[in-house]
Amino acid sequence: MNLDRLRPAILPVAAVVVALTIGAVIVAVDGSSPLGAATAIWVAAFSGPDAIGATLEKATPLVFAGLAVIVGVKAGLFNIGAQGQLLVGAITSAYAGYRFAGLSPLVHLPLCLLIGVVFGALPAWLAGVLRAKRGVHEVIVTIMLNTIIFNLTDWLAGGPWMEPGQVISRTPPIVGSARMGRVAGLPTGFVLAMLVTVAVWFMLEHTTFGFRLATVGANRHAAHYAGISVGAVTVAAMTLSGALAGLGGAVESLGVVGRFEPGFNAGLGFDGITIALLARVSPRAVVPAALFIGALRASSSELQAGAHVAPAIVDVVLGVALLLVAAPLLLRWLLRMPPSLSTAEVQFTRGWGS
Amino acid sequence: MSDSEEQPGADVVLEVRGLTKRFGPVVADSEVTLQLRRGEVLALLGENGAGKSTLVKMLVGLLRPDAGEIRIGGDVVRLRSPRDAIGRGIAVVHQHFQLVPVMTVAENVVLGAEPTRRGLFDHRKAAAEVRALSQRFGLAVEPDAVVQDLPIGMQQRVEIIKALYRGAEILILDEPTAVLTPVETDELLRIVAELAERGVGIIFITHKLREVMNGTDRVVVLRDGRVVGDVATADTDEAGLAALMVGRPVVLHVDKEPATPGATVLEIRGLEVDDDRGRLAVRGLDLDVRAGEILGIAGVQDNGQRELVEAICAMRPRRAGTVVLAGREVEGLDVRALHDLGVAHIPEDRDKHGLVGGYFVAENLVLNRFDQAPFSRWGRRDFAAIQRWARQLIADFDVRTPSVYARTDALSGGNKQKVVVARELSRESVLLVAAQPTRGVDVGSIEFIHQQLVAARDRGVAVLLVSAELEELFALSDRIAVIREGRVAAVLDAKSATRETVGLIMAGAAGH
Ligand SMILES: Nc1ncnc2c1ncn2[C@@H]1O[C@H](COP(=O)(O)OP(=O)(O)OP(=O)(O)O)[C@@H](O)[C@H]1O
Ligand SMILES: [Mg+2]
């Protein structure tokens, strides 16, 4: 029973193992020691409270980005704009974080988070509306919005919102009343990420809204027949996806970076796509997937300094894992797994929900 | 074939021995043994879920048997893919055609095995070969027609030509007539006879006993995955086959009292509706359906039936006209609102509209009520209530599924249909719009669904029945409206009307 429930995890775990093995081979071919690299990852990501804290901090925005992508995919939408929405969340919350100084932390921090959520949702909402009303594909729209947002945030951080008297383009630091610290040694942002994960899981699995969303994603004709408004669900799902990405950006600014600085959040949204795939679009698997990527990301400097391995190896490993998950047939063939004739087989013995 | 008695097996082209297939706990086929001879039309008959399609999938390399062997021309073969199967001369025409809609007939036929001239696609040769095949087997298909412009029956013939072009000597047709009009069905039976005449061995799956009697040489009956009968068609009759299939005598005739119609529930005036391509399909249609009656819609396919149904159910916007439901104009109401007013709808295409294939059976049984009590409260779904309801419906409607948690797309075609029918018939409604309600359903279940439709009528539901089967229309309807070119050409009393009259009006004979 319990073993059956783990079956969906077999493929991603196998993909990660194969990817790490290939990574080790490359490291060896490159003349470094795979063992050294492994040690470096261990030291940087897991060896003590500080290392674990760093891993959790790296994983936090990835959880949000992964959830954002998942919410879209469930509704049949590919939100490739998570990166841009995350940046909007990051910069607007950072702005609120330095600008509205003097507020009580009880007001200031939630306000900053809310601003990140709302402004992150905005571009995604627009993409959703264009999709629902005009049939413009969300991938096209979000890619274009990404470009606009990259330039806009660069300009804001190097212009109107730039820290006065500095040469680096970045905003002033966020004041203490809006900073996210640690509770019981855990980064607050990570705690929030876990809570939001549970909420998203509950929404998708247990609520009528989640059912609407999944029905539109699975068969929009049947959704229409069943009286579900495909357009409204499309807009809602995109907006929620953007809100999650925006929240991820806000948590990154308020909890880790302490301000907005272009480049600090690069790639997080795209890692969200990797995570959604590794997690096989299941919110329950997002945290482990994000921790895996977070650990690799947290160790990149130690890899270089401690093991003399180019940190690009991390991207190679992730790329291979992604490829293997995205091409399950290839992996099945490589590992000589029998073709899965029916997922029904698994479903027969399995309940749903929890 | 007269010498087959003296030389048993001499012209057996396909032989199946002990073929078994399991899906987890479900045994879909159990030690199936049968033979197909050259030039023979073999009917494969069985209840929904008996294992017919599964057997076919094994024969064309889509599924691997768990046990047993397949022999072609005497050699044991292992088929790993449809490509393997066609290499051995076996091809199948599935219910869902695998054609590229925007390409021509000739292009579709040769796709994957294109004739070339100096390395380039030789269009002229392709067209010529298709024309030759079409003529040889009397298929009357135009090679340069674009597939999406062809009626379903023609598209099916393109599939058949595709198989012949690849050298098929064994042709399997899985419920080919489920989507055909009666005229198209007769045509297909003629083509099948022609193919058999020229030596093709044919396995023909259908739920319609009349087709078995008229168009096949031998019948193999499956029940619960086992062969329970293998008889020459000439030695049996419809009642005998039905009893063999179901394991009990089946009433092939619907018992019903005369209707006692009440107030008009649905009143349509001057309705105009566009089809998917923006052409007017319903052109000023008037229709009344009263409480407690079954109004049947007869008509040649594509005369506006689909658009009419979808407009009534608010799935398609109307261009003009009024639709009054129980005294209320429903303009501007959406699918959901109509549903809440008591409109139940069995859609004609179960896979496109009626079901979400990846959902559990239980979820599909509440697909349009998922947000109502007791299936949800305060926006939270109540799985225990859904499960209880699903168990009940599965028992009541005899849906053959391993559990309420089976994925719906793993059900057999007829059982999927029963899921849709169960959902719609189990609801309190004032108007039931039933489009092809028994498509793909076995005789035993047709009997049951028909009884349920009559029972709904007797409870005072207004039933609008759209069916391609005149038989079904005559069995159930109290009045029959004949639709032609988007208008009601005539409304007849079902008791006094004859098939000939209805047929003539459908075809547009003068005087109507
Ligand atoms: N992919 C699958 N996974 C699990 N079970 C399956 C799968 N395909 C078929 N089955 C089961 O195998 C049995 C036989 O199904 P099959 O489709 O062969 O029936 P059939 O005789 O073609 O019925 P119908 O007349 O309704 O089309 C059914 O119980 C069905 O639920
Ligand atoms: Mg079938």
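Up top you'll find the structure we're talking about.
Since this is a predicted model, take the numbers as computed values, not measurements.

Student: Teacher, can you tell me more about the site of ligand 1 here?
Tutor: Around ligand 1, the structure places 19 residues, and the nearest of them are Lys52(B), Ser53(B), Thr54(B), Ser412(B) and Gly414(B). The environment of ligand 1 is shared, with nearby residues belonging to chains A and B. In the environment of ligand 1, an oxygen atom lies 2.8 Å from a nitrogen or oxygen atom belonging to the backbone of Gly49(B). One nitrogen or oxygen atom from the side chain of Ser412(B) is found 2.6 Å from an oxygen atom belonging to ligand 1. Within the complex, the protein chains bury 91% of what would otherwise be the 640 Å² of accessible surface of ligand 1. Considering each element in turn, the shell around ligand 1 owes the most residues, three residues, to helix H1 (residues 52–59) of chain B. Across the shell around ligand 1, the residue classes tally to six nonpolar, 10 polar and three charged. Inspection of the shell around ligand 1 shows a minimum of three residues originating in each of domain 1 (1–89 + 170–177 + 201–247) and domain 4 (350–427) of chain B.

Student: Please clarify how the packing of helix H5 (residues 152–165) of chain B against helix H6 (residues 182–197) of chain B should be interpreted in this entry.
Tutor: Packed helices, taken two at a time, are described by the angle between their axes plus the distance between the axes. All names here are of chain B. Contact pair H5 / H6: the axes reach a minimum separation of 10 Å and the direction vectors enclose 15°. On the basis of their axis angle, the class for H5 and H6 is roughly parallel. In this structure, H5 crosses over H6, and the sense of that crossing is right-handed. Of the residues in H6, those in contact with Ile152, Gly153, Gln156, Arg157, Ile160 and Leu164 of H5 are Glu184, Glu187, Leu188, Ile191 and Leu195. Across the contact of H5 with H6, the residue classes tally to six nonpolar, two polar and three charged.

Student: Explanation requested: the pattern of salt bridges in the structure shown.
Tutor: Where charged atoms from two side chains of opposite charge come close, those side chains can pair. Summed over the entire model, instances satisfying the criterion amount to 46 salt bridges over all chains. The shortest N-O distance in the salt bridge between Glu57(A) and Arg182(A) comes to 3.5 Å. With Glu57(A) in helix H3 (residues 49–74) and Arg182(A) in strand S1 (residues 182–183), this residue pair connects regions lying 125 residues apart in the sequence. Relative accessible area serves as the criterion here: at 44%, Arg182(A) is assigned to the partly exposed category. For Asp340(B), the salt bridge goes to Arg336(B), with nearest N and O atoms at 3.7 Å. A residue pair is termed a helical-turn pair when its members lie 3 or 4 positions apart in one helix, as Asp340(B) and Arg336(B) do in helix H10 (residues 335–340) at four residues. According to the relative accessible area criterion, Arg336(B) is buried, its value standing at 13%. One continuous salt-bridge network, built from bridges that share partners, spans Glu163(A), Arg170(A), Arg259(A) and Glu261(A).

Scoring rules and cut-offs
Residues numbered from 1 in each chain as written. Chains lettered and ligands numbered in written order. Predicted model: local features only at pLDDT ≥ 70, side-chain atom pairs only at ≥ 80, totals over all residues. Heavy atoms only, no water. Near = heavy atom within 4 Å. Polar contact = N/O pair within 3.5 Å; in protein donor to acceptor, adjacent residues only side chain to side chain. Areas by Shrake-Rupley, 256 points an atom, 1.4 Å probe, with all protein chains shown as cover. Helix = DSSP H or I, 4+ residues; strand = E, 2+ residues; numbered from the N terminus. Nonpolar A, V, L, I, M, F, W, Y, C, P; charged D, E, K, R; others polar. Domains from an automatic or database assignment. Axes fitted to C-alpha atoms, helices over the stretch in contact; angles between N-to-C directions. Parallel < 35°, antiparallel > 145°, perpendicular 65-115°, else oblique. Left-handed = near helix turned anticlockwise from the far one by under 90°. Contact = heavy atoms within 4.5 Å. Salt bridge = Lys/Arg side-chain N within 4 Å of Asp/Glu carboxyl O. Buried < 20%, exposed > 50% of the residue type's maximum accessible area, 1.4 Å probe, protein only.

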